[in-house]
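An overview of the molecular structure
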Amino acid sequence: MDNGPCVCSPDALEENGLTASDGSYTDDELVDAFGDLAALPVEVEERRPTCLRCRRPQKVCLCPFLPQQPLEVSTCLYVVQHPAEESRVLRTVPLLAACLPQGKCNVIVGRRFNEEKHPELAAVCRDDRTLILYPGPKSQNLEELAQRREITTVKHNVIIIDGTWSQAKNMFLKNSMFHLPKQVQLNRTLSSQYVIRTQPSNICLSTLECAAVALSILEQKDEIQEILLRPLKALCSFQLQHGAQIHHSKEHLLRNGMYDKPMPKNKRKIKRMEKLMTDHSICPR
């Protein structure tokens, strides 16, 4: 149907019992009407005061669960964050940054990265001391490398991709500079404490959890993991007390017949779902 303006002749109007003045306004009348609307006060929604350290609203500040002083670490983290993560309310990266000294948790937002626009990140990727935490067939077990003392004798940079699993995969594959560092993964048998957000499988971890485990291995201090996970547990506990529901992983839902969404028709997605049921070694990619 044509949605363009309808132009009626005076004769057509008269046939319908209308005059040219019925249902129409002069230019002056329109200006007056919209002028009145423009004069109405605009209600600006006030944002809740935010804590400068944990980046949470002050009423639900998590600073009591953060270390009193930033953790002293030699490892430098580079969190490459998908732009969609910035708008999420329940993010873990601000909590991670609040636990570490300034300059030890660098957040770089974007989808595509190159040497011209991101020279610092490119230099980090070329550095022999840099590791990228991303699972896959070419990835080495970080804990085994540390036990063989191949990587704990120098100060390391660790790149972590922050986003959904599909976003992380896309960012890893589409950015060639991420293929330069040594690729490592976490093979510890851990279940995510981030229960207010759905994970693909039971062993997939949030960004903060990955960083906590990696730092505890590289710094050879198990207490680092416990300290970094404390604010995450507090966040989840608060949300659950105020109406949030526990989010089981897709693997858990599929195995227990609880997955209530339509199964995909795409063959690639079907294989990915089957992998969740059969592959227990790494997070699905």
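Residues numbered from 1 in each chain as written. Predicted model: local features only at pLDDT ≥ 70, side-chain atom pairs only at ≥ 80, totals over all residues. Heavy atoms only, no water.

1. Some remarks on the overall build of the chain
- Scanning the chain for helices and strands turns up 10 helices and 6 strands.
- A total of 285 residues make up the chain; the buried ones form 39% of that total.
- A sequence separation of at least 24 residues applies to 74% of the contacts in the chain between residues at least 6 apart.
- For the chain, the exposed area adds up to about 18,100 Å²; of that, 50% sits on carbon and sulfur atoms. (Helix = DSSP H or I, 4+ residues; strand = E, 2+ residues; numbered from the N terminus. Buried < 20%, exposed > 50% of the residue type's maximum accessible area, 1.4 Å probe, protein only. Contact = heavy atoms within 4.5 Å. Areas by Shrake-Rupley, 256 points an atom, 1.4 Å probe, with all protein chains shown as cover.)

2. Remarks on the sheet that holds strand E2 (residues 105–109)
- If you walk across this open sheet you meet the 6 strands as E2-E1-E5-E3-E6-E4, and the pairing is parallel. Each edge of the open sheet carries a strand with a single partner, namely E2 and strand E4 (140–141).
- Relative to E2, strand E1 (residues 76–81) runs parallel, the two being bridged by 5 bridges. Within the sheet, the bridge partner assigned to Leu-77 lies in E2 and is Cys-105.
- Seen against the sheet, helix H4 (residues 119–126) touches E1, E2, strand E3 (130–133) and strand E5 (157–162) and runs at an angle of roughly 120 degrees to E5.
- Relative to E5, helix H6 (residues 165–174) is tilted by about 125 degrees, and along the sheet it contacts E1, E3, E5 and strand E6 (182–185). (Pairing = 2+ DSSP bridges. Axes fitted to C-alpha atoms, helices over the stretch in contact; angles between N-to-C directions.)

3. Quick notes on the nonpolar core
- Leu-77, Leu-96, Leu-100, Leu-142 and Leu-228 are the most contacted members of the largest nonpolar core, which has 43 residues in total.
- Looking at this core, the elements with two or more residues in it are E1, helix H3 (93–99), E3, helix H5 (142–147), E5, helix H7 (207–218) and helix H8 (223–241).
- With 9 residues, H7 is the single largest residue contributor to this core.
- Leave out the neighbours within four places in its chain, and Leu-228 touches Leu-71, Leu-96, Cys-99, Leu-208, Ala-212 and Leu-215.
- Within the second largest apolar cluster, 18 residues are counted, among which are Val-80, Ile-108, Cys-125 and Ile-159. (Core = buried A, V, L, I, M, F, W, Y, C linked by side-chain atoms within 4.5 Å.)

4. Notes on unusual backbone geometry
- The backbone of Gln-220 shows a phi angle near 55 degrees, a positive value even though the residue is not glycine.
- Structurally, the position occupied by Gln-220 is in the loop between H7 and H8.
- Residue classification places Gln-220 among the exposed positions, given a relative accessible area of 51%.

5. A look at the packing of H7 against H8
- Two numbers describe how H7 lies on H8: the axes approach to 8 Å, and their chain directions differ by 165 degrees. Classified by the angle between their axes, H7 and H8 sit roughly antiparallel to one another. Crossing of H7 against H8: the hand is right-handed. Residues Leu-208, Glu-209, Ala-212, Val-213, Leu-215 and Ser-216 of H7 lie in contact with H8, whose contacting residues are Ile-224, Gln-225, Leu-228, Leu-229 and Leu-232. (Parallel < 35°, antiparallel > 145°, perpendicular 65-115°, else oblique. Left-handed = near helix turned anticlockwise from the far one by under 90°.)

6. Digging into the packing of aromatic side chains
- Inspection of the entire model under this criterion finds 2 aromatic pairs.
- With 5.7 Å between their ring centres and 45 degrees between their planes, Phe-113 and Phe-178 make a pair best called tilted. Taken together, the positions of Phe-113 in the loop between E2 and H4 and Phe-178 in the loop between H6 and E6 put the pair 65 residues apart, joining distant regions of the chain.
- Judged by its relative accessible area of 1%, Phe-178 is buried.
- Here Tyr-134 and Phe-172 contribute two aromatic rings whose centre-to-centre distance is 4.1 Å and whose plane-to-plane angle is 10 degrees, an arrangement assigned as stacked. Within this pair, whereas Tyr-134 is found in the loop between E3 and E4, its partner Phe-172 is found in helix H6, the two being separated by 38 residues in sequence.
- Residue class for Tyr-134 comes out buried when judged on its relative accessible area of 5%. (Phe/Tyr/Trp six-rings, centres within 6.5 Å; stacked < 30°, edge-to-face > 60°.)

Interpretation in functional terms is not warranted from these geometric data alone.
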